[in-house]
Structures are given as structure tokens and as C-alpha cells.
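Letter by letter, the chains look like this.
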Amino acid sequence: MVKLCMRIISLTFLNHIRDIKDPEHPYSLEELKVITEDAIEVDDKHSHVRVTFTPTVEHCSMATVIGLCLRVKLMRSLPTRYKVDIRVAPGTHATEAAVNKQLNDKERVAAALENPNLVDMVDECLAPSYD
């Protein structure tokens, strides 16, 4: 029963982020297998969510933008009690540690969200598609 509840919670979180568009391709992050159900860990008791994503290539120049899109979408969708952790899957990006540090540093995220060009790019990725 506990496993079923955790799977339902993971699927709920996946539903929030599954339609985020890749900044370079006309597909969603889920279609590109950048995010999967298995990559979402939820500890509802401690209000913690971790999303681990896999960039399409090891030198993906948009990894931080993808991570920022995931963070922003969850920040906009979830109750404020949740702490969100965004990570690049181990061994899948050349600058994994640097990307992880950027994505989980509140000051860096806040600074990124003050950049109008970056905010426009994030909003474009988060915009619903009607095809």
C-alpha cells in the first residue's frame, strides 16, 4: 500500500513537469526521456522533492536552463512547504557538479530569474502546447 501511495505521488509530480518543452527541440522533456517517473523522489512527510534529470547529451549547453524550468514549474505548482532539489543524473553531464550547484543555490536561482531574457526562455518552455 505504501509503495502504491508513493507511486501515485510521484506520478502527480511528474504530471506537473511532463509537458515542459526542451529549449532546443520541439519535444517535451518526457518525450526526450530527460525526465522519467523513476527520476522523481518524494518524501511527503518531510516535504521534500528531488527531480533528477538526464540531459540529451553530455555537453548539453541548456542543462541549467532545463533545470531552471523544472524548478520554476515546481515552485509555481507546489505548496510552499516543499523543498525542491533539482539534480543532473550522475555521470550524464560534463559539468554535473557545477550545474547541480547552480540549480540548488537560492541566490543564483533568484539572480537568474531577474534576467528578462532567461525568464522569457523559461516561460516559453513552460507554456502549454495545443497540438
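Everything discussed here concerns the structure shown above.
None of the values given here were measured: they were computed from a predicted structure. Here, residues in each chain are numbered from 1, in the same order as that chain's written sequence. It should be noted that, the model being predicted, local features are given only for residues of pLDDT at least 70 and side-chain atom pairs only at 80 or more, the latter also being counted only at that level, while totals for whole chains, interfaces and linings use all residues. Calculated side-chain values reflect all of the structure's heavy atoms, with hydrogen atoms and water omitted.

Chemist: How do you make sense of the sheet that holds strand S3 (residues 83-88) when you look at a structure like this?
Modeler: Whether parallel or antiparallel, the strands of a sheet pair through hydrogen bonds between backbone atoms. One requirement defines pairing of two strands: DSSP has to find at least two bridges between them. For the purposes of this entry, the term helix denotes a DSSP run of H or I that reaches at least four residues, the term strand denotes a run of E that reaches at least two, and both are numbered from the N terminus. The strand order across the open sheet formed by 3 strands is S1-S2-S3, and the pairing between neighbours is mixed. The outermost strands of the open sheet, each flanked by one partner alone, are strand S1 (40-43) and S3. The mean angle between the axes of side-by-side strands here comes to 10°, regardless of whether they run parallel or antiparallel. In this structure, S1 lies alongside strand S2 (residues 48-53), joined through 4 bridges in antiparallel fashion. Counted as the bridge partner of Glu41 is Arg50 from S2. Running over the sheet, helix H2 (residues 63-77) touches S2 and S3 and is turned about 160° from S3. Packing against the sheet, helix H3 (residues 96-103) makes contact with S2 and S3, and its axis sits at approximately 160° to S3. Orientation is described by lines fitted to C-alpha atoms, with helices fitted over the stretch in contact, and by angles between N-to-C directions that extend from 0 to 180 degrees. In what follows, a contact means two residues having at least one pair of non-hydrogen atoms within 4.5 Å.

Chemist: How do you make sense of the pairing of S3 when you look at a structure like this?
Modeler: A regular strand places its side chains so that they alternate between the two faces of the sheet. With 6 bridges connecting them, S2 and S3 associate as parallel partners. Bridged to His48 within S3 is Lys83. Once you follow S2 into H2 and on to S3, the crossover reads as right-handed. For a crossover, the right-handed case is the one in which the path from the first strand over the helix to the second runs clockwise, viewed with the strands pointing away from the viewer.

Chemist: Looking at this structure, how should I read the pattern of salt bridges?
Modeler: Close approach of charged atoms allows side chains of opposite charge to pair. For this analysis, a salt bridge means a side-chain nitrogen from Lys or Arg found within 4 Å of a carboxyl oxygen belonging to Asp or Glu. In this structure the tally under the stated criterion is 6 salt bridges. Arg50 is the salt-bridge partner of Asp85, the closest N and O atoms lying 2.7 Å from each other. Of the two residues, Asp85 is situated in strand S3 and Arg50 in strand S2; the sequence distance between them amounts to 35 residues. The shortest N-O distance in the salt bridge between Arg76 and Asp123 comes to 3.0 Å. Placement of Arg76 in helix H2 and of Asp123 in helix H5 (residues 116-126) is noted, with a sequence separation of 47 residues between them. Given the relative accessible area of 54%, Arg76 is considered exposed. With a 1.4 Å probe rolled over the protein chains alone, any residue whose accessible area is under 20% of its type maximum counts as buried; one over 50% counts as exposed, and the rest are partly exposed.

Chemist: Honestly, the packing of H2 against H5 in this entry has me stumped. Any pointers?
Modeler: A pair of packed helices is captured by two measures, namely the crossing angle of their axes and the spacing between those axes. Packing of H2 against H5 leaves a shortest axis separation of 10 Å and a crossing angle of 70°. By the angle class used here, H2 and H5 are roughly perpendicular. Handedness of the crossing formed by H2 with H5: right-handed. Residues Val65, Leu68, Cys69, Val72, Lys73 and Arg76 of H2 touch H5, and the partners they reach there are Leu118, Met121, Val122, Asp123, Cys125 and Leu126. Residue composition of the contact of H2 with H5, grouped by class: 9 nonpolar, no polar and 3 charged. Should an angle fall under 35 degrees it is taken as roughly parallel, and over 145 as roughly antiparallel, whereas 65 to 115 is taken as roughly perpendicular and any remaining angle as oblique. Handedness of a crossing is defined here by the sense of rotation of the near helix relative to the far one, left-handed for an anticlockwise turn of less than a right angle and right-handed for a clockwise turn. Following the grouping adopted for this structure description, the nonpolar residues are Ala, Val, Leu, Ile, Met, Phe, Trp, Tyr, Cys and Pro, the charged ones are Asp, Glu, Lys and Arg, and the polar ones are all others, Gly among them.

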